Each structure stands twice: as structure tokens, then as C-alpha cells.
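Here's the letter readout for the chains.
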Amino acid sequence: MSDVIEILKSCDAFLEGHFLLSSGRHSSAYCQMAYLQQHPEKCAAVMEKIAEKVREMDVDVIVGPAMGGIVYAYELARQTGKRAIFTERVDNQMCLKRFSIKPGEKCIIAEDVVTTGISSLETKRVIEEAGGECLGICCVVDRTKADAPSPIPILASAAKLDLPNYAPEECPICKEGKLPLVHLGSRKMKQEAKQSL
């Protein structure tokens, strides 16, 4: 795992500061995984660890939620010979706009980072509404905690990070008042979260 963290740091994909996560929680660290995608050879090296596990699974389709999961789904599919598709938002609602899933196809969700797993639930819903079976998540970075596990099983990750995250009203960084809250993700946040930016 330390080699994965070193790769992330070498790409500036591991940031420190005051960040608003897609779950609405705050954190002093953020994995800006788009920075890893600038370096295909490093991205492939990180994904190889996950690909080894996926090769042992009975999987038909790898589904990457836009934006963060698209490249990782593609790279995982490239290394395993599976089919890769992605879900995307239309009017802030996750859907299968360009692709289809056949009834009974076994799918895994490819994510960049999983903190609470809430975002992945949207993709799971889309998979199941299409008649597919969601086996679980494969992610580059697993930020889940034992007391707040992902609602969808995490089947494989390249790195497990125990980074603190806080409910907005409990955030010590907010209370200190020295660092502005930054939202780097692509997901539209609720109005109250936007106003705190």
C-alpha cells in the first residue's frame, strides 16, 4: 500500500487542507484522483493490484460513475478483458445515458475514492434498474471506517486510508477558521453545503 501512496503523492493526487467531500462531510485530506490520470503508466500500476483480484471474480461489466470512475473502469477493464461502461448525471440524477446492461449481467462499480459509499448507491440503483446484479465496489482508495462501512461491499482497493472526516457542525478546521472550505468534486452539492464554500 505504501507504494500506492507514494505514487499518489508523486502526482500531487494526495492533498492536505480543508475539503468538502461528496458525502457532505469535511476532511483535512483529499485524494484528487484526476491528477493520477495524467500519468497513464502510474495509473496502470496502481490498478494492477485491483485487476489481480477482479480476474478471480465472475464479472461481466465494470461500471464507472462519471466523472471519477470512468478512467478507472476503463483501465480495470483493459487489464482484465471485461466490458467497461459509465453512468452519468442528467439533471443531477445518475443514469445510463449511453450504454445498456443486459438482465442478469454481473457488474462491479469502479470508483476513485470511497468514503461513505453513498455516491455508489446511485450507481447500484442504476445497475439494478437495468436488470444487472451489483456485486460490489472496486476502488483506488478506500476511506471507509469500521464504524461507518460502505453500504455496498468493497471487493478490492489499491490503498486503505484512515483519514479523519467530520460532520460540518463538528469540523475542527471550521472551528479554527483559518482555512477556507474547498469543494473539488464534480457532484453538485446541496445548497447549504454550497453556501459554506
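Residues numbered from 1 in each chain as written. Predicted model: local features only at pLDDT ≥ 70, side-chain atom pairs only at ≥ 80, totals over all residues. Heavy atoms only, no water.

Bringing the packing of aromatic side chains into the picture now. Per the counting criterion, the structure on display carries two aromatic pairs. Considering the side-chain rings of Phe19 and Tyr30, the 5.4 Å spacing of their centres and the 35 degrees angle between planes classify their relative orientation as tilted. Placement of Phe19 in strand β1 (residues 14–20) and of Tyr30 in strand β2 (residues 26–31) is noted, with a sequence separation of 11 residues between them. Across the pair, exposure class does not vary: Phe19 and Tyr30 are buried alike. Centre to centre, the rings of Phe86 and Phe99 are 5.1 Å apart; their planes meet at 75 degrees, and the pair counts as edge-to-face. Of this pair, Phe86 sits in strand β4 (residues 83–90) while Phe99 is found in the loop between β5 (93–95) and β6 (106–114), placing the two residues 13 residues apart along the sequence. Of the residues examined, Phe86 reaches a relative accessible area of 18% and is grouped as buried. (Phe/Tyr/Trp six-rings, centres within 6.5 Å; stacked < 30°, edge-to-face > 60°. Helix = DSSP H or I, 4+ residues; strand = E, 2+ residues; numbered from the N terminus. Buried < 20%, exposed > 50% of the residue type's maximum accessible area, 1.4 Å probe, protein only.)

Let us now look at the state of the cysteines. Applying the stated rule across the entire model yields zero disulfides. In this structure Cys43 is a free cysteine whose sulfur lies 9.0 Å from that of Cys11, the closest cysteine sulfur available. The exposure class assigned to Cys43 is buried, which follows from its relative accessible area of 4%. Free of any disulfide, Cys134 has its nearest cysteine sulfur in Cys107, 7.2 Å distant. (Disulfide = S-S within 2.5 Å.)

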